[in-house]
Amino acid sequence: MKALLGFLGLIFVFSRAMANDVSAYIVNGTNVSSATTYPSFASMFVISGASYSNYCGATMLNSQYALTAAHCIYENFSNMLNTYIIPQLLDESTYASAEKARALEFYFPSDYIDSGAALWPNDIAVIKLESLLSSVPDYTYLLNTTINNSFSASETYIAIGHGQIAGNVSGGTILQQTNLDYVSLNDCRSKYGLVTDKQICFGGAQSGGYKNATCSGDSGGPVYLESGSQYIQIGITSFGPGSCGDASSTVTSVFTDVYDYIGWINQVINGQEAPKYYVTTINGERTLVSNIITANSESGGSINPIILAVFLLFRLFKERFKPIKKSIFSPTSSL
C-alpha cells in the first residue's frame, strides 16, 4: 500500500548517521568565469516561501530531467517536496530571477545503499521536473559513454560546485572549479576498501593546508573530463574525507561512475522505470507519495511490482497521445 508523505510545505531537517571518517559532500577552487563553460551544470535549491537553500549540485540531461546523487534526496522528504532545479547558476545570489523548475518525480536504483559504512554504492538519481526549462537543450551528449574503468592519470579532470571550501567552511556565492588527479581503483581501495568498479576516485594537488577536493554542498554535481573544447561528465560527486581536502588523504573525492548507469538513465527518461517518490496534489496541497514498499513498510527496499506495472501502464497511456520521441542516447553510441 502506498504511503502518503504530506508535509504541508513545512521544512524540517532530516539527518542521518554517517561513518566517522567519510562524509557525503570545492576546496582550493577558483571562480568559474561563465556558467556556459560547463553548460549542463545545475543547482538544487529548497525553496519554501521566503526561505531558500542551495543544498546539492546536479547536471541537466535535457529540458525536463536532471542528474544528481541519490543521497541528496534519499528520505529527505521535505527537501523533495520543495526542490527546484536551476540550470547554469553562476551566482547563488541571483537564484530568485533565474529560470527554475520544480521537481516532480524522483528516481534512484533499487540497489542504492544509503550508508557511509557501505560507501554509498549506486549513488545516482534522476529528477523529472514539473515543467520544461526553455533554456536547456539536450545535454546527454556530454555524458561519458565510451570510457569504462580506463581513465588516464595524464588527463585533465575538473569538479565544480557551490559547496563549502577549505576546512568545511562556507565560501562565496560564485560557482567554483578545481582540478583533480585520477586515483586508480586499487589505490582507492587501499584507502576505503569497499569502493566498487562503479565508482571513480580522485586526489588533488596540495595548496596551503588542503588538497583540491569537493566538499559539502557539491554532492550530486559533476566531475568532467576535458575533451577538446568540451567537458564530458564522467562522474557524480558522492563522498570524500570527513574533513574536505584533508592533506593527509590520498583520496579526496569519490564519484559515481556515469558510464555504468547510461542504460538505467535511458530507461528513466523513456518511461520504463517507476519513480521511487513523486509529487501530487491532494485537496489543494502538494503531497509526496512513496512507491517504496518493504516487508516492514520502511523506505529503502524495492518497488512493489503491482505499483510498477500500474505506473508504467499509466505512463504508456499518456505517451500514446504524444508525438513519438526517439531514444535520446544509446549505451553503445560514441561521443
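Remember, predicted model here, so these are calculated numbers, not experimental data.

### What to know about the overall build of the chain
Here is step 1 of the chain: Within the chain, the secondary structure is distributed over four helices and 19 strands.
Here is step 2 of the chain: Of the roughly 14300 Å² that the chain leaves accessible, carbon and sulfur atoms contribute 52%.

### Examining the environment of N62
Here is step 1 of the chain: Here N62 shows up in the loop between β5 (51–60) and β6 (65–68).
Here is step 2 of the chain: Each C-alpha atom of the pair N62 and S135 lies 9.8 Å from the other, and the pair is 73 residues apart in sequence.
Here is step 3 of the chain: Among the polar contacts made by the side chain of N62, one reaches the main-chain amide nitrogen of Q64 at a distance of 2.9 Å.
Here is step 4 of the chain: One polar contact links the side chain of N62 to the main-chain amide nitrogen of Y65, over a distance of 3.0 Å.

### A word on the pairing of strand β9 (residues 125–129)
Here is step 1 of the chain: Of all the five residues making up β9, five are buried; the element is thus mostly covered by neighbouring parts of the structure.
Here is step 2 of the chain: The side-chain alternation of β9 yields two buried faces, one formed by A125, I127 and L129 and the other by V126 and K128.
Here is step 3 of the chain: Bridging between β6 and β9 involves four bridges; their strand directions are antiparallel. Bridging across to β9, A66 finds its partner in I127.
Here is step 4 of the chain: In terms of strand pairing, strand β8 (residues 101–107) meets β9 through four bridges, oriented antiparallel. Residue pairing in the sheet places Y107 in a bridge with V126 of β9.

### Digging into empty space enclosed by the protein
Here is step 1 of the chain: By volume, the largest cavity is sized at about 30 Å³.
Here is step 2 of the chain: Taken together, E92, G161, H162, G163, I165, G171, G172, T173, I174 and Q176 make up the lining of the largest cavity.
Here is step 3 of the chain: Of the residues in the lining of the largest cavity, the class split is two nonpolar, seven polar and one charged.

### Points about helix α2 (residues 185–192)
Here is step 1 of the chain: Along α2, the residues that are buried comprise L185, C188 and Y192. Projected down its long axis, α2 shows its buried positions confined to an angular sector of 60 degrees, all on one face. In α2, the exposed positions that point more than 90 degrees away from the buried face belong to N186 and S190.
Here is step 2 of the chain: Directly beyond the C-terminal end of α2, a positive phi value near 80 degrees is found at G193.

### Some details on unusual backbone geometry
Here is step 1 of the chain: Of note, the phi angle at N28 is positive, near 60 degrees, even though the residue is not glycine.
Here is step 2 of the chain: Positionally, N28 belongs in the loop between β2 (22–23) and β3 (30–31).
Here is step 3 of the chain: Positive phi outside glycine occurs at N283, with the angle close to 50 degrees.

Cut-offs used in this document
Residues numbered from 1 in each chain as written. Predicted model: local features only at pLDDT ≥ 70, side-chain atom pairs only at ≥ 80, totals over all residues. Heavy atoms only, no water. Helix = DSSP H or I, 4+ residues; strand = E, 2+ residues; numbered from the N terminus. Areas by Shrake-Rupley, 256 points an atom, 1.4 Å probe, with all protein chains shown as cover. Polar contact = N/O pair within 3.5 Å; in protein donor to acceptor, adjacent residues only side chain to side chain. Buried < 20%, exposed > 50% of the residue type's maximum accessible area, 1.4 Å probe, protein only. Pairing = 2+ DSSP bridges. 1 Å grid on protein atoms, 1.4 Å probe; cavity = no way out; pocket = protein on both sides within 12 Å on 5 of 7 lines; lining within 4 Å. Points joined across faces, edges and corners; volume = space filled by probe spheres on them. Nonpolar A, V, L, I, M, F, W, Y, C, P; charged D, E, K, R; others polar. Arc of directions from axis to C-beta.

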